[in-house]
Amino acid sequence: MSTNHYDLIVIGTGPGGAALAHRLAATGKRILMIERGDYLPRSRDNWDAKAVFVDGKYQANETWYDKSGTPFHPGLHYFVGGNSKMYGAALFRLRERDFDAVAHRDGISPAWPLKYDTFEPYYTQAERLFHVHGLRGEDPTEPFSSEPYPYPFVAHEPPIQKLHDSFKDAGLHPFHIPLGVLLDEKDGVTSPTSIWFRNDAFDGFPCLLNGKADAQVMCIDPMLDACRNVTLLTNACATRLHTDPSGRTVNGVEVSCDGEQVRYAADIVVVSCGALSSALLLLRSANDTHPNGLANGSDQVGRNYLRHNQSVLMALAHEPNDTVFQKTLALSDFYFKADDWAYPLGLIQMMGKSHGEQIRAEALPDWLSWVPEMPFEVMARHSLDFWLMSEDLPRPENRIRLDPDGRVILELTENNMEAHHRLRHKLEKLVSGVGAHPHLLERKLYLGKDIPIGGTAHQAGTARFGTDPANSVLDLDCKAHELDNLYVVDGSFFPSIGAVNPTLTIIANALRVADKIAQRMGRAQTTVPAAEIPS
């Protein structure tokens, strides 16, 4: 087994690892990025609903097991850019109150050891890096921002503008979703040189145009173009981290590549495989000094798994909804409370339009009994599609672990669901007042898997950060308490998850940790060129 030494190794090319490496690339240090997948092939299938959702063409071919031993296939994607290749590019900041302890009916969402003001400048930098479009001042729960959004909001198309106006007339505060897209648009008209244009293949689809602001497009590609000191190793799965005899230093990263085991080493190792896979890597790296898994003296690695309580719901409008790009509107009026509920409910946002092939593949009996004569394509044309998101609470029993045979077990018990049910009821009342049937149809075939267990798009919390090594895995710099040179910068560090999409917080934190690592290296980072956007 050969050994290759670098200044920094980053395992995983999703938003956290990519943002950190992009930030540190200009230091001139030798950086190795390890990605278990390859570049996602660009083809017509990228925008084919059957290939993406029904056939699951881009999903990892893995089998995990739930707590009862039932097998399932997790909704994971192993490509350069990680799960962001398929994400919906909604890039929200956590609310300021999300960083404090928040009371829910089922318990307390714990406070973060660092507060919003620590993250605010990095949120601003993350919004610039990932080309976020939005408008300050619309969202009644948005936190303080030191700068406007770097790019103007993505305008509503006429049916969504009508929905916006109806919600506003009802006394609500609809706002434009902050979106990461490479869009050049004025007054709703896309420029002829814009990389991205409005299309109906967005949420859960890879972007055929490379116009979605994912980790590959915004960080990996421009970094590799500009920095000779960065090496990307693809089709390479990190299987184990080795330590020196003291157990304090990671001195080797074992990688399976083309059927061979290769060992790499670095002064600093950063793990960013996604909250579930990062926990698995630490658990698989158990040794005599760390018998329960690397950095797991607290027995917290893999525990406190968070993923939001989520629903994808389809309302059927009486009139056709010919919107091309529907994902521009959100409601946070019920985020912290409602008129009939003293606890947080969550966030309502629109998502990409339903496709006939998706509906056909999950035509459940209650759907068919309710609209037996409506063809699937007609149903899709009349659809209004919503993503509902409520906070789930960290519980130590919600965890990912390995059984004695090495099988992956994901133990998950839902909690705080009454808030989610109440949020759905709020939406039912709203859509009945805007020319849609009040009966909401639940779509579970998103990212090809049922959301409750197989849906892993918002994974977080399996190696949370804190000041006490007895109940946290990472310190405030996201360095493992028990090791001197191991950091984790995906969603693992979250103590709680709020009710907004987590990706921007992952990016902002990765930039924050990158600054800590740059100080440790004794190098001030400069600027790596951003992705080039035609004007």
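Just so it is clear, the structure is predicted and the values come from calculations on it, not from any experiment. (Residues numbered from 1 in each chain as written. Predicted model: local features only at pLDDT ≥ 70, side-chain atom pairs only at ≥ 80, totals over all residues. Heavy atoms only, no water.)

Describe the overall build of the chain, listing the residues and the values that go with them.
Scanning the chain for helices and strands turns up eleven helices and 23 strands. For the chain, the spread of C-alpha atoms along the three principal axes comes to 70 × 50 × 45 Å. When each of the 535 residues of the chain is scored for burial, the buried share is 61%. For the chain, contacts bridging at least 24 residues in sequence account for 73% of all contacts bridging at least 6. Looking at the chain as shown, the accessible area adds up to about 19800 Å², and 49% of this sits on carbon and sulfur atoms. Positive and negative side-chain charges of the chain, numbering 51 and 67 respectively, have mean locations separated by a distance of 2 Å. (Helix = DSSP H or I, 4+ residues; strand = E, 2+ residues; numbered from the N terminus. Buried < 20%, exposed > 50% of the residue type's maximum accessible area, 1.4 Å probe, protein only. Contact = heavy atoms within 4.5 Å. Areas by Shrake-Rupley, 256 points an atom, 1.4 Å probe, with all protein chains shown as cover. Lys, Arg positive; Asp, Glu negative; His and termini not counted. Charge placed at Lys NZ, Arg CZ, Asp CG, Glu CD.)

Before we move on, can you summarise the packing of aromatic side chains with the specific residues and values?
Centre distance and the angle of the planes are the two values used to describe a pair of aromatic rings. Under the defined criterion, the tally for this structure stands at 21 aromatic pairs. On the basis of an interplanar angle of 85° and a centroid distance of 4.9 Å, the ring pair of Phe53 and Phe205 is categorised as edge-to-face. With Phe53 in helix α2 (residues 49–54) and Phe205 in the loop between β11 (189–190) and α5 (215–226), the pair connects residues that are 152 residues apart, well separated along the chain. Each member of the pair Phe53 and Phe205 is classed as buried. Connected via pairs of aromatic rings, a cluster forms that spans Phe99, Trp112, Tyr116, Phe119, Tyr123, Phe465, Phe493 and Phe494. Taking NZ or CZ as reference, Arg95 lies 5.9 Å from the ring centre of Tyr335, over its face. Looking at Lys212, its charged tip hangs above the ring of Phe202, at a distance of 5.1 Å from the centre. (Phe/Tyr/Trp six-rings, centres within 6.5 Å; stacked < 30°, edge-to-face > 60°. Lys NZ or Arg CZ within 6 Å of the ring centre and 35° of its normal.)

I'd like to hear about the nonpolar core, residue by residue, with values.
Ranked by size, the top nonpolar core spans 126 residues in total, and within it Ile11, Leu20, Phe130, Leu241 and Leu486 carry the most contacts. The next biggest cluster of nonpolar side chains, apart from the first, holds 25 residues, and it includes Phe334, Trp341, Leu384 and Ala436. (Core = buried A, V, L, I, M, F, W, Y, C linked by side-chain atoms within 4.5 Å.)

How would you sum up the side chain of Glu157? Please name residues and give values.
Looking at where Glu157 falls in the secondary structure, it is placed in the loop between β7 (132–133) and α4 (158–169). Within polar-contact distance, the side chain of Glu157 engages the backbone nitrogen of Phe325 at 2.7 Å. If we skip the residues at most four places from it in the chain, Glu157 touches Arg198, Asp322, Thr323, Val324 and Phe325. (Polar contact = N/O pair within 3.5 Å; in protein donor to acceptor, adjacent residues only side chain to side chain.)

I'd like a rundown of the side chain of Asp475, residues and numbers included.
The topology assignment puts Asp475 in the loop between β22 (441–443) and β23 (486–488). Buried charge without a salt bridge: Asp475, with Lys479 as the nearest opposite-charge side chain at an N-O distance of 4.2 Å. Once you skip the residues sitting within four places of it in the chain, Asp475 turns out to touch Phe465, Gly466 and His481. (Salt bridge = Lys/Arg side-chain N within 4 Å of Asp/Glu carboxyl O.)

I'd like a description of the sheet that holds strand β20 (residues 399–402), backed by residues and values.
Pairing in this open sheet of four strands is mixed, and the strands run β4-β3-β21-β20 from one edge to the other. Looking at strand neighbours, the two that pair on one side only are β4 (71–72) and β20, the edges of this open sheet. Against the sheet, helix α6 (residues 275–284) makes contact with β3 (64–66), β20 and β21 (408–411), and its axis sits at roughly 35° relative to β20, the strand it touches most. (Pairing = 2+ DSSP bridges. Axes fitted to C-alpha atoms, helices over the stretch in contact; angles between N-to-C directions.)

Break down the environment of Gly498 for me, citing the residues and quoting the values.
Tracing the backbone through its elements, the reader meets Gly498 in the loop between β23 and α11 (503–521). Classification of Gly498 as buried rests on a relative accessible area of 3%. Expressed as a C-alpha distance, the spacing of Gly498 and Arg97, which sit 401 residues apart in the sequence, is 9.1 Å.

Which residues make up unusual backbone geometry, and what values go with them?
If you check the backbone angles, His308 has positive phi at about 70° while not being a glycine. Among the structural elements, His308 can be located in the loop between α6 and β16 (309–316). Although it is not a glycine, Cys478 adopts a positive phi angle of roughly 65°. Tracing the chain through its elements places Cys478 in the loop between β22 and β23.

Tell me about the pattern of salt bridges, and name the residues and values.
Under the criterion given, the structure shown has 26 salt bridges. Residue Asp139 is joined to Arg95 by a salt bridge in which the shortest nitrogen-to-oxygen separation is 2.4 Å. You can see Asp139 sitting in the loop between β7 and α4 and its partner Arg95 sitting in the loop between β4 and β5 (102–104), a full 44 residues away along the chain. Taken as a pair, Asp139 and Arg95 share a single burial class, namely buried. A salt bridge links Glu127 to Arg136; the shortest N-O distance between them is 2.7 Å. Salt bridges linked by common partners bring Arg93, Glu120, Glu127 and Arg136 together as one network.

I'd like to hear about the packing of helix α1 (residues 15–24) against α5, residue by residue, with values.
Where α1 contacts α5, the axes come no closer than 9 Å and their chain directions differ by 35°. Two packed elements cross with a definite hand, and for α1 against α5 that hand is left-handed. Where α1 approaches α5, its residues Pro15, Ala18, Ala19, Ala21 and His22 are matched on the opposing element by Ala215, Met218, Cys219, Ile220 and Met223. Across the contact of α1 with α5, the residue classes break down as nine nonpolar, one polar and no charged. (Left-handed = near helix turned anticlockwise from the far one by under 90°. Nonpolar A, V, L, I, M, F, W, Y, C, P; charged D, E, K, R; others polar.)

Outline α6, supporting the account with residue identities and numerical values.
Burial within α6 is extensive, with nine of its ten residues counted as buried. Within α6, the full set of buried residues consists of Ala275, Leu276, Ser277, Ser278, Ala279, Leu280, Leu281, Leu282 and Leu283.

Give me the packing of helix α3 (residues 116–129) against α11: which residues, what numbers.
At a minimum axis distance of 8 Å, the contact between α3 and α11 shows a crossing angle of 110°. Considering the angle they form, α3 stands roughly perpendicular to α11. Residues Thr118, Phe119, Tyr122, Tyr123, Gln125, Ala126, Glu127 and Leu129 of α3 pack against Leu504, Thr505, Ile507, Ala508, Asn509, Leu511, Arg512 and Asp515 of α11. Within the contact of α3 with α11, the residues separate by chemical class into nine nonpolar, four polar and three charged. (Parallel < 35°, antiparallel > 145°, perpendicular 65-115°, else oblique.)

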